[in-house]
Every structure is written in C-alpha cells, then in structure tokens.
Amino acid sequence: MLYIPLWKKILTIGICLLGLLFASPNFFTREQLENFPSWYPKSQITLGLDLQGGAHLLLEVDFDAVQKEQMASLADMARTTLRKERIGYTGLAAKKDFVTLTLRNPADLEKAKSLIHNTDKDVEITSAAEGQLTLRFDEAALRTRRKSVLAQSIEIVRRRVDEMGTAEPFIQQQGDDRILVQLPGMQDPARIKAMLGKTAKLQFRFVDMSINAEPGKTVPGVDILPEERDGKTIYLAVKKQIILSGENLVDAQPGFDEYNRPIINFKFDSLGAKKFGDATKNNIGQVFAIVLDDKIIMAPHIQTPILDGRGMITGGFSVQQAQDLALLMRAGALPAPLNPIEERTVGPGLGADSIASGEYATIIAILMVAAFMFIAYSFFGAIANIAVVFNLILLFAALSVTHATLTLPGIAGIALTVGMAVDANVLINERIKEELRNGRKMLSAIDAGYNRAMTTIIDSNLTTLIGVALLYYFGAGPTRGFAVTTSLGIIISMFTAISLTKLILAWWIGWRRPTHLPI
Amino acid sequence: MGLHIIPYDTKINFVSKKNIIFAILIAVAVICLGSIFTKGFTYGIDFKGGLLLEIRTSGPADIGKLRSELSDLVQGEVTLQEFGSPNDVLIRVEQQPGGDAGQLVALNKIKAKLGTGVEYRKVESVGPKVSEDLIRNGIYAIIGALVAMLIYIWFRFEWQFGVCSLITLAHDALIVLGLFSIFGLEFNENAIIAVLITVTYSINDTVVIYDRIRENLRKFKKMTLANLINLSINETLSRTILTSTTTLLSLLGLYFFGGPVIAAFSLPIIVGILAGTISSITVSAPLLLHMHLREDNGLEKLSKG
C-alpha cells in the first residue's frame, strides 16, 4: 500500500473541491448567480478586450507643453517680482527649460536673487557678474511636479470617463508618462478620444475692447484669442489676468434657455462666487470672456453684478456639444494635453468568434492529448487525464479568484499548458517503468518513480516559469494574458500531476490489490 | 498495457554522429542568420507602427478596388489581404508621417472612405513611440530569458552545462527567427512569445537530459563520457519524445481549429518546439563532450547536486 499521510489526503481533496467551487461561477450567468446564497463565490473570469470587444487607448502626457507653461509662469513671476521692487531688467525670455534676463544695474544682483528665491524656493538661480540671471527649477521640484501632473491627469481622465457612463473602465499609469485607458464594449472611441483630447482649461478673463485685436499681433498684457460667432471667427484682446478658473466650479449642467437653445448652467463655490461677484460689481459695462483652451466660448457685457455665483453659457452649441462641455467643466481641466499614441479596438463580433474558435481548438487539443496519454500509458494515462481535468478546473478557479484577464493568447496558453502539464506524468510513468524493469517490486517502483522524477519535474518547471515570468515582465496586454495562464497552469500542474495522481493511484491499489501494474 | 512508442532498449549512438548533426544544424543556423541579415523581417504594426483594420463587408470584397481607393488616401504602402473568408479583409497601412497625430488623421480618412456599410472587427493604430518600446521590450525579454536560464543551469549543474544549454537555446531561437524571416511571416508581439516558448520548452528537455547525465555520472564512475552521454540520452528519449508529442498535439489542435489569429500564433511555436526537441537530444548533451567535464571539475564536484 502506498502510504500517504491523512492530512495530505484531506488537503489534496480539499483543494480539488475548492477548485470546483470557485470555478463553478463561470458556468452560470450573472443573473443566476445573483440568486445564489451569499457565501457562494461569484467572481468570474475577466475577459480581455480582444475577447469581449472594446477599445484600448494609450495616452501620452505632453510634458513639453507642461514645461512651456511652467517657463512662461516662471518668467511671469520674475517680471512681477522685479517690477514690484522697481528693479530694472532687459531681455526677459522663457527658453526650453530656463528663463533668462539681464539686470540694468548689476548692483541689484543680490537683491534680485533673494527676492526671486523668496517668492519660489524651488527656483535655482545662477548669475553672471554683468547682471545676467538664469532661472530654472531644481531637479527634485521638477520630478515632483511631473508626478503630480501625471497623477492629476489620471484622476481627470477617470472622472471624464466615469461621467460618460462607460461600463467598467480600466485606467492605469504606464511607465512615467503614459496612461492606459481600456473601455470594454466601447465600439468607436472617437468621442472618448475627443473628450480626452481637450485639456478643458476654463478661464474667466476681462476683454480689453480698446485694443484692435488682429490675429498674430502681440500686445503686452493681453492674448489675442479667437471666438466663433455665427459661423465667423472674430478676435478679441483678452487680458492675461485670470479672474476665475474652472477650479472654482462646483457644478455645470446642460440645459435650455427660454428660446429652447442648449445652454450650460454653472455654479461657483463660495470663494469663486465672491470673486465673481466683486469682479462683476466693479466692472459694469465691461466685457468679459469665458475662455476654454485658448478659445473664447462667449464674451458677454456685464449688465448687472452676479452675486449668487451662478451663471449660464450660451454659445450656440448643439445639444451634444452642451452636454460634452458641461461634462468637461464638471470633471475639471487636465494639467497637460494628452496625445493618443496607440489605439486598438476589437468589435464584439470578432471577440465572440475568437472565444468560440479558441474554445473549440482548446477542447480538441485536450482530447487529442488525453487520447494519446491513454494510448501510451493506458490506466496510468487515464489517471494523468483526470489530473489534467482538475488542472483546468483549478486554473479556471485561480483565474476567477485573482481577476486575471483571459486573452486570446491566454486561451492558447491553456492548450499549451495541457500539453506540458502531462510532462510530469510522463516523467513519473517512464521512471516507474524503468524501476520495474530494473527488478523493483511494484510499490517500491511507484514510490521510486515519484521520488526520482521529482527533482527533474521541479527543474524543468522552474526553467519554464523563468521564461514565462520574463514574458509577463516585458510583455503588453495580450502577451501578459498568455504568461498568466501558462504560469498558473504550470504551478497547478505540479499539484495535480503529482499529489492528485498519487492519491488516485493509492486508492486504486488499496481497492483492487493488483499484482502487476498496467503501465 | 500502454503502447511502447519508443522501445525501452533503444540505443541510438547520438554521440558518434554528432559531427554530422552539428554540421547540419550549423548549416541551418547559417541559412537563418543569412536570411535575417539580408532579407530581414516583415514587421507587423506592433514593431513598425502603422494602421491595421480587419473589416467584414456585406458581400465578397473587391480587394483590388479597395486597394486603389485607399492607396490614394494615405502615404506609403497599403496592403490588403483576404482573411479567413471572402468577406473579411485585413488592411495594413504603413506608418504615416506626422507622428501619432498623422496616424489618427489617416485612420479617420480610411474610416470615412469605407463608410458605415462595413463591420469593423478590429482597428489598431500604433504610433512610432509605442512600436519602439515594444521592439525594445521584446529584445530584452529574449536576452533576459537566455541569461536567466544560463544562470539557473549554472547554479543547478555546472558552468559547462550552462554554456552548452545556452548554445542550444540560441540555436533554437535563431531557427524560429529564421522561420519568420525566410517565410516572411508577420513579426509581431506573438513572434516574441514564440521565441520565448521555444526557449523555455527546449531548456525543459535539456534539463531532463542533464538531470540524467548528472545521475549517471554518480552511478557509473568508470564509464566513458561518450557512452554515459549516449546512455542518458537514450534513457530519457522516450520521455522527451512523448512530452513533445503531447505538446505538439495540443498545438496542432490550435493550429487547425483555432482560426487565423491562433493559427498564426501556434505555427512558429510548433516549429520551435520541434527544433528545441531535436537540438536538446542531439546538441545539448553531445556538446558536453567538448567541455572537459571530468578533467576540469573532477567527478566529486559534479556529483554534489
């Protein structure tokens, strides 16, 4: 009799039963599962986008734009700081990653340096004797800034995607400048892309009507910005100073005005409401502009002070435009533009076809392997086949519980795993045969077969796992799916092909008390 | 009783034929290398960037007409190919100028031209930055796998085993890469999977044979190395062939019944596993003869594992 300790028997059977339990939800629909008792596991295998259909977008954060903006604001800061103290300078210019200026009086050098340093501690200042200053941000500050830009971008992307009512979106940071957005079931990501392609920086600024605004003209203190009005593009000189920005918004909803035209109603927070109230009270008759991403959406005259912090935008939108714009206003502005650098969509038809052909091919593959094992080892082959069945059940359970994603290469991985999983049994069975030929008695041959094959099985499976781990580490989505199913399958096969087959064999010997092995 | 597919008393003298075998395999490797360096690879959009659309038309598609229509819209080469059935067309468009933005402009143009009458089964647009990353990661993964295996074998056996297995693995990887180059198969992410699976599978077979060599080195201290290696290969031959057969059977199932995508995925793995099995048997172990196993290390040291 093969001796297997009781605890080991219980553990082996227990694992198999748990596997059955946790794999079972995959054979029911979601609705059926709802009616099951609460202790019953309900998580199912997550299908990758290539199987269930959907859109995959990889967005890159445009840090060049961030840097440009940073340098512009650094130049701004230097200008206001030095002007306030009446320190004269020339040649203030924002370059790619630094700002330069030259002081009129080199004697002001130390004073200017300490003034700038006190305004922003993160600025590094280098100076030449002639009064030339170079300002840049220090490395640590830049890194922190990049991190926060990325984190903030992900947050805004998440809000926008959520607001669009997409089912189960998956949003994740990739590398240090990319955002992966996966939208299961999404067919045409054009609208999402359009929505994510806008930074949606909303600003409320005054218009200087005294300046004759022409495109391309540069006037200090103002920006010449375009506005689409009745199908024509007109230009206005908008003051650089920002009264309020989108950050002060608490709500924005699409609606209709009394002529049934689509509009957007918005509301400021209390601070915003106060600022807006003051600004409108003191500037009756002036024109202010609502600016979105450097385009004027609307430029009304201030007729009465707006003290309740509420307003509406009528920009001649379509219903869809009003809805999208309200959504962008609610979700907030992106700190940097996002550029799509990879886009993949799979239609539901192809996904369903892939599942069907993948399932079909896998079943055929398993049947062929099972038939072969039976031909090669008869009874011992049958035991190995039972082990393969449990290998698959446990693999399904593991995929369900860990919420790993099953992809098309992942399905191929399952079939391949089956082919490789029986390797352990082949090794064991060949060993048993060999030990029998060497004249060992039946039971000791079985024992020796299992024991001696063990090191080989571990060696060969570990090398496979090394290869698969590298695939996971370096691979993209579908490739990772392959790595996941293959590695789980191999780990599980160490259990099913060894412990489970040995247990079945021990039972069989105890039951039939054979005198020789049908191997 | 099971069928004895490989008789247990098989005694093939692999070692005596090693020079012929090495010559053949070196010739194959040279052909593969030659093709890789002269002909190169037919890169898929994963590695080259570009657009890929899989569409299904309501009736049989007029590929010639579609090709000329689409060629006028975008820059560079447009290739169309029937995919599985006359209604399914695979459209590949070269990387467009103007970076990622140019790419999307071209995609929109194509979609506008094809209109709403077709079903978009798959649309992919890969920009130059992504394709650079993917190809770099692919190379890292393959090199990383080879190095990791070398270290593992070195650690578990001796450095000679590590070197011999590395040569064998590099050879197998080369054959799979050569297959892609010679037959112009689309070289994409899945090609990297194929190479890595080949390597892991081949090392598997090699490890089983090495395990047996180590065991026999302990058991038969007087046997000549050539005989010992031969014995070890023959003792494990049945297992090597059987396991490769089961794996190949499941892969053939995938190849014939898995549809075009899975078929394209499994073909190079099938070739790789065949190459890996053959080279594990005929190269990895006989190569040890050239490594001065006993002179260098002494048997005692080898027997430690």
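Reading the values: rules and limits
Residues numbered from 1 in each chain as written. Chains lettered and ligands numbered in written order. Predicted model: local features only at pLDDT ≥ 70, side-chain atom pairs only at ≥ 80, totals over all residues. Heavy atoms only, no water. Helix = DSSP H or I, 4+ residues; strand = E, 2+ residues; numbered from the N terminus. Rg over C-alpha atoms; globule rule 2.2 N^0.38 Å. Contact = heavy atoms within 4.5 Å. Salt bridge = Lys/Arg side-chain N within 4 Å of Asp/Glu carboxyl O. Polar contact = N/O pair within 3.5 Å; in protein donor to acceptor, adjacent residues only side chain to side chain. Pairing = 2+ DSSP bridges. Phe/Tyr/Trp six-rings, centres within 6.5 Å; stacked < 30°, edge-to-face > 60°. Lys NZ or Arg CZ within 6 Å of the ring centre and 35° of its normal. Axes fitted to C-alpha atoms, helices over the stretch in contact; angles between N-to-C directions. Domains from an automatic or database assignment. Buried < 20%, exposed > 50% of the residue type's maximum accessible area, 1.4 Å probe, protein only. Parallel < 35°, antiparallel > 145°, perpendicular 65-115°, else oblique. Nonpolar A, V, L, I, M, F, W, Y, C, P; charged D, E, K, R; others polar. Expected span 1.5 Å × (residues − 1). Core = buried A, V, L, I, M, F, W, Y, C linked by side-chain atoms within 4.5 Å. Patch = residues over 30% accessible without salt bridge, like charges linked within 9 Å, V, L, I, M, F, W, Y side chains within 5 Å. Areas by Shrake-Rupley, 256 points an atom, 1.4 Å probe, with all protein chains shown as cover.

Caption draft 1: Looking closely at the overall build of chain B. Helix and strand counts for chain B stand at 10 helices and six strands. Relative to its length of 305 residues, chain B is extended, with a C-alpha radius of gyration of 24 Å against a globular reference of 19 Å. In terms of principal-axis extent, the alpha carbons of chain B reach across some 80 × 45 × 30 Å. Considering only contacts in chain B between residues 6 or more positions apart, those separated by 24 or more positions represent 76%.

Caption draft 2: Broad picture of the interface of chain A and chain B. Counting residues at the interface gives 67 residues for chain A, matched by 72 residues for chain B. Taken together, the links from chain A to chain B amount to 10 salt bridges. D459 of chain A is paired through a salt bridge with R156 of chain B; the nearest N and O atoms lie 2.6 Å apart. The tally of links from chain A across to chain B stands at 23 residue pairs in polar contact (both at pLDDT 80 or more). Contributing elements (two or more residues each) for the side of chain A that touches chain B: β2 (54-61), β17 (338-346), α10 (348-402), α11 (408-437), α12 (442-474) and α13 (477-512) of chain A. Counting residues per element, the side of chain A that touches chain B draws most heavily on α10 of chain A, at 18 residues. Both β17 of chain A and strand β5 (residues 119-126) of chain B contribute to a ladder of five bridges, which runs antiparallel. Across the sheet, residue T345 of chain A finds its bridge partner in β5 of chain B, namely V123 of chain B.

Caption draft 3: Structural view of the packing of aromatic side chains. Applying the stated rule across the entire model yields 26 aromatic pairs over all chains. Positioned above the aromatic ring of Y450 of chain A, the side-chain terminus of K502 of chain A is 5.5 Å from the ring centre. The ring of Y120 of chain B carries the charged tip of K111 of chain B above its face, separated from the ring centre by 5.4 Å.

Caption draft 4: Layout of the sheet that holds strand β6 (residues 132-137) of chain A. Residues and elements named next belong to chain A. Spatial ordering of the open sheet is given by β3-β4-β6-β5, a layout of four strands whose pairing is antiparallel. The open sheet has two edge strands, β3 (89-94) and β5 (123-127), and neither has a second partner. For this sheet, the mean inter-axis angle between neighbouring strands, taken without regard to orientation, is 15°. On top of the sheet, helix α4 (residues 63-84) reaches β3, β4 (99-103), β5 and β6; it is set at about 160° to β3, its chief contact.

Caption draft 5: Inspection of the domain arrangement of chain B at higher detail. Partitioning chain B into domains gives domain 1 (15-43 + 131-303) and domain 2 (50-126). Computed over C-alpha atoms, the centres of domain 1 of chain B and domain 2 of chain B are 39 Å apart.

Caption draft 6: A look at the pattern of salt bridges. One pass over the full model with this rule turns up 35 salt bridges over all chains. When the shortest N-O distance is used, the salt bridge between R159 of chain A and E155 of chain A registers 3.5 Å. With R159 of chain A and E155 of chain A both in helix α6 (residues 139-163), this residue pair falls four residues apart, about one helical turn. A residue is classified by how much of its surface remains accessible, and R159 of chain A, at 37% relative accessible area, is partly exposed. One salt bridge in this structure joins R452 of chain A and E435 of chain A, with 3.3 Å as the shortest N-O distance. Residue R452 of chain A is found in helix α12, and its partner E435 of chain A is found in helix α11; the two are separated by 17 residues along the sequence. For E435 of chain A, a relative accessible area of 4% puts it in the buried group. The structure contains a network of salt bridges with shared partners spanning D353 of chain A together with E54, R56, D88, E119 and R121 of chain B.

Caption draft 7: Representation of the pairing of strand β11 (residues 232-245) of chain A in the model. All names here are of chain A. As judged from the four bridges shared by strand β9 (residues 202-207) and β11, these two strands associate in the antiparallel manner. Its bridge partner being in β11, V207 is matched across the sheet by V238. Relative to β11, strand β10 (residues 222-229) runs antiparallel, the two sharing eight bridges. Within β11, the residue paired with P226 across the bridge is Y235. Two successive antiparallel strands, β10 and β11, enclose a turn made up of two residues, where D230 displays a positive phi of approximately 50°.

Caption draft 8: Representation of the packing of helix α8 (residues 225-257) of chain B against helix α9 (residues 259-284) of chain B. Residues and elements named next belong to chain B. Two elements in contact, α8 and α9, have axes whose closest approach is 8 Å; the angle formed by their N-to-C orientations is 170°. In terms of orientation, α8 and α9 fall into the roughly antiparallel class. Facing α8, whose interface residues are I233, L237, T240, I241, S244, T247, L248, L251, L252, L254, Y255 and F257, α9 presents G259, I262, A263, S266, L267, I269, I270, I273, L274, T277 and I281. Residues that form the contact of α8 with α9 fall into these classes: 17 nonpolar, six polar and no charged.

Caption draft 9: Up close: the domain arrangement of chain A. Once the domains are mapped, chain A shows domain 1 (6-51 + 347-512), domain 2 (64-133) and domain 3 (198-344). Between domain 1 of chain A and domain 3 of chain A, the C-alpha centre-to-centre distance is 60 Å.

Caption draft 10: Structural detail: unusual backbone geometry. All names here are of chain A. Non-glycine residue A200 carries a positive phi angle of around 60°. If you trace the backbone, A200 turns up in the loop between α7 (190-197) and β9. You can call A200 buried: its relative accessible area is 4%. Unusually for a residue other than glycine, N260 sits at a positive phi of about 65°. Topologically, N260 is positioned in the loop between β12 (249-256) and β13 (262-268). Residue classification places N260 among the exposed residues on the basis of a relative accessible area of 58%.

Caption draft 11: A look at the packing of α12 of chain A against α13 of chain A. Residue and element names in this part refer to chain A. Contact geometry of α12 with α13 gives a least axis separation of 8 Å together with a crossing angle of 170°. As summarised for this structure, α12 and α13 are arranged roughly antiparallel, according to the angle between their axes. Among the residues forming the contact of α12 with α13, the class breakdown is 19 nonpolar, seven polar and three charged.

Caption draft 12: Spotlight on the environment of T240 of chain B. Residue and element names in this part refer to chain B. With respect to the element layout, T240 can be found in helix α8. Sequence separation between T240 and L169 is 71 residues; the distance between their C-alpha atoms is 16 Å. Among all residues touching T240, those that are not within four sequence positions of it are D205, I209, T277 and I281.

Caption draft 13: The sheet that holds β12 of chain A, seen in detail. Residues and elements named next belong to chain A. Sheet architecture is open: three strands sit in the order β12-β13-β16, paired in antiparallel fashion. Looking along the sheet, the strands with just one partner apiece sit at the ends: β12 and β16 (310-313). Neighbour-to-neighbour, the strand axes of the sheet open up by a mean angle of 25°, direction not taken into account. Bridging between β13 and β16 involves four bridges; their strand directions are antiparallel. Note that in β16 the partner of K267 across the bridge is R310.

Caption draft 14: A look at helix α7 (residues 189-219) of chain B. Residue and element names in this part refer to chain B. With 31 residues, α7 should cover 45 Å at 1.5 Å per step; its first-to-last C-alpha distance of 45 Å lies within 8% of that length. Counting buried positions over the 31 residues of α7 gives 28, a clear majority of the element. Between the side-chain oxygen at the start of α7 and the backbone nitrogen of N190 there is a gap of 3.1 Å, and the oxygen is on N188.

Caption draft 15: Seen up close, the nonpolar core. Core analysis: the biggest nonpolar cluster contains 143 residues, and L505 of chain A together with I213 of chain B have the highest contact counts within it. If you tally residues by element for this core, the top one is α10 of chain A, at 20 residues. Apart from the residues within four sequence positions on either side, L505 of chain A is in contact with L2, F379, F380, I383, I446 and Y450 of chain A. If you look at the next biggest cluster of nonpolar residues, it comprises 52 residues, including L150, I192, A252 and A326 of chain A.

Caption draft 16: Structural context of a nonpolar patch on the surface. A cluster of nonpolar side chains, namely I139, Y140, I143, V147 and I151 of chain B, defines an oily patch on the protein surface of about 460 Å² accessible area. For I139 of chain B, the location among the structural elements is in helix α5 (residues 128-156).

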